[in-house]
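# Remarks on the overall topology
The primary structure of each chain is shown beneath.
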2 protein chains.
Amino acid sequence: MKNISFDKVNINSGFWADKQKLVREVSMMNVCKRFEETGRFEGAKLNWKEGQPNKPHVFYDSDIAKWIESAAYILAKHDAPELREYASNVIDTIAASQDEDGYYNQYFQTCENDRRFTNRDAHELYCLGHLIEAAVAWYNAVGEDKLLNVVEEYVDYVIKCFITDKTAKFASPGHEEIELALVKLYDLTKEEKYLDLALHFTNIRGTENDTDRVFYNQSHLPVRKQRTAEGHSVRAVYLYSAMVDLALRTDDEELKEACIDLYKNITRKRMYITGAIGSSASGEMFSYDYNLPNIHAYAESCANLGLALFCRRLNLLDESSDYADTIERIIYNGFLSSISLDGKSFFYENPLEIDPALLQRRGEHYPITQRLEVFGCSCCPPNITRFISTIGDFIYNVGDNRVYINQFISNSAEFDFMGEKANISIESGFPYDGKVKVVWNGPEAELMIRLPFWCDKYTADENGYIKKTVRNGDILCFDFEMKTVLYEADPRVQENAGRFALTRGPLIFCLEGVDNGSYLRDVSVKADGNMIMGYDKDLDLPIMIVDGYRRKHSIREKLYQPVSDEYVNLKLKFIPYFAFANRGETEMLIWTQLKRG
Amino acid sequence: MKNISFDKVNINSGFWADKQKLVREVSMMNVCKRFEETGRFEGAKLNWKEGQPNKPHVFYDSDIAKWIESAAYILAKHDAPELREYASNVIDTIAASQDEDGYYNQYFQTCENDRRFTNRDAHELYCLGHLIEAAVAWYNAVGEDKLLNVVEEYVDYVIKCFITDKTAKFASPGHEEIELALVKLYDLTKEEKYLDLALHFTNIRGTENDTDRVFYNQSHLPVRKQRTAEGHSVRAVYLYSAMVDLALRTDDEELKEACIDLYKNITRKRMYITGAIGSSASGEMFSYDYNLPNIHAYAESCANLGLALFCRRLNLLDESSDYADTIERIIYNGFLSSISLDGKSFFYENPLEIDPALLQRRGEHYPITQRLEVFGCSCCPPNITRFISTIGDFIYNVGDNRVYINQFISNSAEFDFMGEKANISIESGFPYDGKVKVVWNGPEAELMIRLPFWCDKYTADENGYIKKTVRNGDILCFDFEMKTVLYEADPRVQENAGRFALTRGPLIFCLEGVDNGSYLRDVSVKADGNMIMGYDKDLDLPIMIVDGYRRKHSIREKLYQPVSDEYVNLKLKFIPYFAFANRGETEMLIWTQLKRG
């Protein structure tokens, strides 16, 4: 099974074309300006001095690397001279700053040059990983190898420090990322040393040769023994992604099994209905099974999109449609919530409930209620821009005589298939309308069309897919009927007991105070009431108008009284979860009560 | 209106007689031993040296004072030679340790003698307040004035430091307590200087002459301007109690109004259904209106009983039965939960929900799940012993030709009434049975019998009381029928939306995991199902057996699924809330779902 890369896919209209345009025309230069203001690019010149503002930070190089990588993905499909020039200049700066021995890190070279590779949690290998991804992307998109040369020299230096001379003071990276990046470098160059280094860092993790063996860094066990998703959630899914990459390239059954078990643990016990993961703010970590607090959710944007990266890889070793179902859940909900509708600002945390009044409580952590343009630790914004720019990666897989359609994103793609040129196009109204039209031009093939988990109109033929044999010129039409359905959580999710999430097709909906008043937890959806799709002019989005109730509080004198049956009818306005917090600070709630009879 | 003091009241049988016996025979010496082990009594000898264990703490004198005070209340009614001898020795120690100038504080005299009255939050005046209460109680019970002389000399020294010489570095106590204690000293001695000092500390609070003007210490506003309960909840209710004491003795209408408004703010917007207060762990503080988290409840034992002290005083300036209703709510629920059924251990925090699994979450505060015999800051245990030993204070008030019956505690009392001797007795099955028999021997009187807020069988005649004219030898019988009723919270209490508390008469009930399995939030009470009173042998307590439901989780494969109507019938076992956490660490829940139809 092979993935069809985003660069073979043209997304020229529809929901994701709009998002990509927004990233290209707004987000990219907005993130760039904020990075400029905070000295992230300037820091790469290594001329910061004590007493000056904007002291370089250990992870700044990863921020600028992801920005370059995003620019590369955009340049692969579009003419964007401003991005190209800016990125080229940054690459020149990095190349000029690289030490003779191959090392490059704006923080360490400027502030602690004698402390290279002494602190496992200082993000050096993490930054190099992102530089490698940027270099590969830039080379593929633009054809220039300047950054590629930088990272290849740097990797040689890493091999020297970690393998040959063993001068490094730790054995595996504190923040995983370089492992999956090295696989990309290996795929591009076919140099075994990169695959070997990725295997080295992955295999030593959690063994007696590893530095400190803690859950936080996924170092509590050798990776093949890991069966529950533990520790820092971004680190975890980056590691698991690399584990799939390596399992695929080395045919390592034990590693494959570990990956699938980790996926099951996450998606059956530790994932929000939005596809978000990492529910614990302390340590940005996974929590224990079924512990999924809504208002205290951490659910970092990078972790959520990282789970999609893990899922996409898993689908190459296991044909089940479940992975693409999870990706769909993420991309339309827990990932998409991380960027504002105007493309300018971002969430680091993606809570499933907001009550601004709670911010008055001292000594407790609550997520911020409004997106910001930049953060001190600003990993999310450029991760979001690169993810949206490569959304085309998630649509197709190809194996033998089969083409798998995983996401119903409008596009047309050209690729080699069974020795011939093939062209496939999809027109779809996702995520608002389930009608899908597929046009096939190419040799006879089996199209495997994912039957979305929320659709009961069709029956799957194999592994959750509908199988159709197509010949050149065939057109297939599906109507994945999007019904409005209330979902419940497993009873072990204490947080959601007696509460239900309103969904329609791939979208999770939420209530906001600005539409529905305060004290949203007291609102109920009327069972068997009307649920009508509407349109909101301000948001410029489809919404749901739903019959509901709430209790009146204006008339109450007592704090506690015998249970009453006095409810007020009202029309509830549910908006797509991804669109929350675009109209100022207000309450937000996904998990709503249901009132029967 | 005058209160009939506990020493006029004989509680010889029934629920509270048992609790008093437990305190007398178990809790008192158990608390004493723990205080011994932690050096609290030894510290009073002022011979601690650097490097030794058990360094004195600024609040240790308040702990031993409350223990002496508790002993005094017991000695007022019972022969308890062990307690008498122990307390006498401690009093001798304190008297011997008092400085020539009158000052006494085991911490400052031992560790920082040159820093007296320099730190507003160092509890010196708080400790003196408790010593005054102990001295008054000891004098009244035993007739010895040694401790009384100590505190009178000390108060003279305080007057010198705070009024005459103004050498103290702050104007009002950081932790209120001395104000209400000074009123007790004034009532005993009739010395105006004590009332004046209480007024001074109360009136300067929150004015421009006060040291720091923060919510935490109720110093944000002059006391007469305070209308919402703010800051540290124990400090708050101690202050408010003193405010009522002073309002009563000075006929200060503005102060009375402030007290009543503060009471309304607490009981209508900031009190748990158990009568507990102070919902914020950070700062042990009140939170904002309607912010009453169950699992994060702080609800300190001292605050809860302190609210009862405030209410008892309020009822002397306002005849409404509401104050006694609140007292009843507290004493059978949020107060009584603070002591184990065996009398040995205590809660500092009294949460309304426990999920032991949550203790795995790092960086978040959750109350401990099991009572302890002593705490580092162990204010609660001796506060609980003194409160139970004076529960007789809460039964009667007398005014003109009236006797008010506020609590249905079995007892007989003798007191002077309209110039004659009167005797009244109550037999009651409270809190389990609502039958009450009142026998009156004395001149013709109006008996005002509180109609409990939860009882709809009678109609109140005046201010929530049933009025009955009685003559010598009259017997009145009432049956305050205790129905099982589900209570709901104001819709603005987000925490409890869609959830209900099972109550019966004055008791709030809860579920425990040990009886009902895990994941209690998913349990529902069946509307119109059976609710039968039972008896639990292990607990030796009445319980409620209630028809209910829960969803099966053993059969689920998916974390989220469309709403199902598959429930399992089960018999829920509700126990009185005060009895929770007596059978090991387990889940606990008050606010339960209700399933209609």
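The structure presented is a predicted model; accordingly, all values stated were derived computationally and were not measured.

## Re helix H9 (residues 192-204) of chain A
All names here are of chain A. Taking 1.5 Å per residue, 13 residues should reach 18 Å; H9 reaches 18 Å between its end C-alpha atoms and fits that length. Of the surrounding elements, those touching the buried residues of H9 are helix H6 (124-142), helix H7 (146-164), helix H8 (178-189) and helix H10 (233-250). Gly206 occupies a position one or two residues after H9 and carries a positive phi of about 75°.

## Side note on the side chain of Gln106 of chain B
Residues and elements named next belong to chain B. You can see Gln106 is positioned in helix H5 (residues 106-111). Within the structure, the side chain of Gln106 is placed 2.9 Å from the backbone oxygen of Arg40, a separation counted as a polar contact. The contact partners of Gln106, leaving out residues within four places of it in the chain, are Gly39, Arg40, Gly43, Ala44, Leu46, Pro56, Tyr60, Asp61 and Ile64.

## Overview of the packing of aromatic side chains
Residue and element names in this part refer to chain A. Taken as a whole and judged by the stated rule, the model has 80 aromatic pairs over all chains. Relative to Phe480, the ring of Phe408 lies with its centre 4.9 Å away and its plane at 45°, an arrangement referred to as tilted. Highlighted residues: Phe408 in the loop between strand S5 (402-405) and strand S6 (411-417) and Phe480 in the loop between strand S11 (475-479) and strand S12 (484-489), separated in sequence by 72 residues. We note that Phe408, like Phe480, is buried. Summarising the aromatic geometry, the rings of Tyr458 and Phe480 are spaced 5.4 Å apart at their centres and angled 65° between planes, so their arrangement reads as edge-to-face. Pair noted here: Tyr458 is in the loop between strand S9 (445-450) and strand S10 (465-470) and Phe480 is in the loop between S11 and S12, with a separation of 22 residues, a long-range link. Residue classification places Tyr458 among the partly exposed residues on the basis of a relative accessible area of 26%.

## A look at the interface of chain A and chain B
You'll often see interface size given as the accessible area lost when the parts meet. Tallying the contact residues gives 66 residues for chain A and 66 residues for chain B. Taken together, chain A and chain B are joined by 4 salt bridges. The salt bridge involving Arg551 of chain A is made with Glu488 of chain B; its shortest N-O contact spans 3.3 Å. Our enumeration of links across chain A and chain B arrives at 38 residue pairs in polar contact (both at pLDDT 80 or more).

## Overview of the relation of the copies chain A and chain B
For the pair of chain copies, the relating operation is a rotation around an axis with a shift along it. When chain A is fitted to chain B, the residual RMSD is 0.0 Å, and the transformation amounts to a turn of 180° plus an axial shift of 0.0 Å. In the structure described here, the two chain copies are related by an operation that fits a two-fold rotation axis. In this assembly, 100% of the residues forming the interface of chain A have copies in chain B that are likewise at the interface, indicating an isologous arrangement.

## Concerning the environment of Arg499 of chain B
Residue and element names in this part refer to chain B. Relative to the elements of secondary structure, Arg499 occurs in the loop between strand S12 (484-489) and strand S13 (500-504). Sequence-wise, Arg499 and Gly275 are 224 residues apart; in three dimensions their C-alpha atoms are separated by 18 Å. In terms of polar contacts, Arg499 uses its side chain to reach the backbone carbonyl oxygen of Arg521, at 2.9 Å.

## Brief notes about the pairing of strand S16 (residues 531-536) of chain B
Pairing of S16 of chain B with strand S17 (residues 541-550) of chain B involves 6 bridges; the strand directions are antiparallel. In the strand pairing of S17 of chain B, Met531 of chain B is matched with Val546 of chain B.

## A look at the packing of helix H3 (residues 60-77) of chain A against helix H4 (residues 81-97) of chain A
All names here are of chain A. Interaxial distance between H3 and H4 falls to 10 Å at its minimum, and their mutual angle equals 140°. Taken together, the axes of H3 and H4 lie oblique to each other. Relative to H4, the crossing made by H3 is left-handed. Across from Ile64, Trp67, Ile68, Ala71, Ile74 and Leu75 in H3, the residues of H4 making contact are Leu83, Arg84, Tyr86, Ala87, Val90, Ile91 and Ile94. For the contact of H3 with H4, the class distribution of residues is 12 nonpolar, no polar and 1 charged.

## As for the state of the cysteines
Residue and element names in this part refer to chain A. Using the criterion set out here, one finds 0 disulfides over all chains in the structure. Looking at the unpaired Cys477, the closest cysteine sulfur is the one in Cys455, lying at 15 Å. Exposure remark for Cys477: the relative accessible area of 57% places this residue in the exposed category.

Conventions we followed
- Residues numbered from 1 in each chain as written.
- Chains lettered and ligands numbered in written order.
- Predicted model: local features only at pLDDT ≥ 70, side-chain atom pairs only at ≥ 80, totals over all residues.
- Heavy atoms only, no water.
- Helix = DSSP H or I, 4+ residues; strand = E, 2+ residues; numbered from the N terminus.
- Expected span 1.5 Å × (residues − 1).
- Contact = heavy atoms within 4.5 Å.
- Polar contact = N/O pair within 3.5 Å; in protein donor to acceptor, adjacent residues only side chain to side chain.
- Phe/Tyr/Trp six-rings, centres within 6.5 Å; stacked < 30°, edge-to-face > 60°.
- Buried < 20%, exposed > 50% of the residue type's maximum accessible area, 1.4 Å probe, protein only.
- Salt bridge = Lys/Arg side-chain N within 4 Å of Asp/Glu carboxyl O.
- Least-squares fit on C-alpha atoms with pLDDT ≥ 70 in both.
- Pairing = 2+ DSSP bridges.
- Axes fitted to C-alpha atoms, helices over the stretch in contact; angles between N-to-C directions.
- Parallel < 35°, antiparallel > 145°, perpendicular 65-115°, else oblique.
- Left-handed = near helix turned anticlockwise from the far one by under 90°.
- Nonpolar A, V, L, I, M, F, W, Y, C, P; charged D, E, K, R; others polar.
- Disulfide = S-S within 2.5 Å.

Structural measurements only, silent on function.
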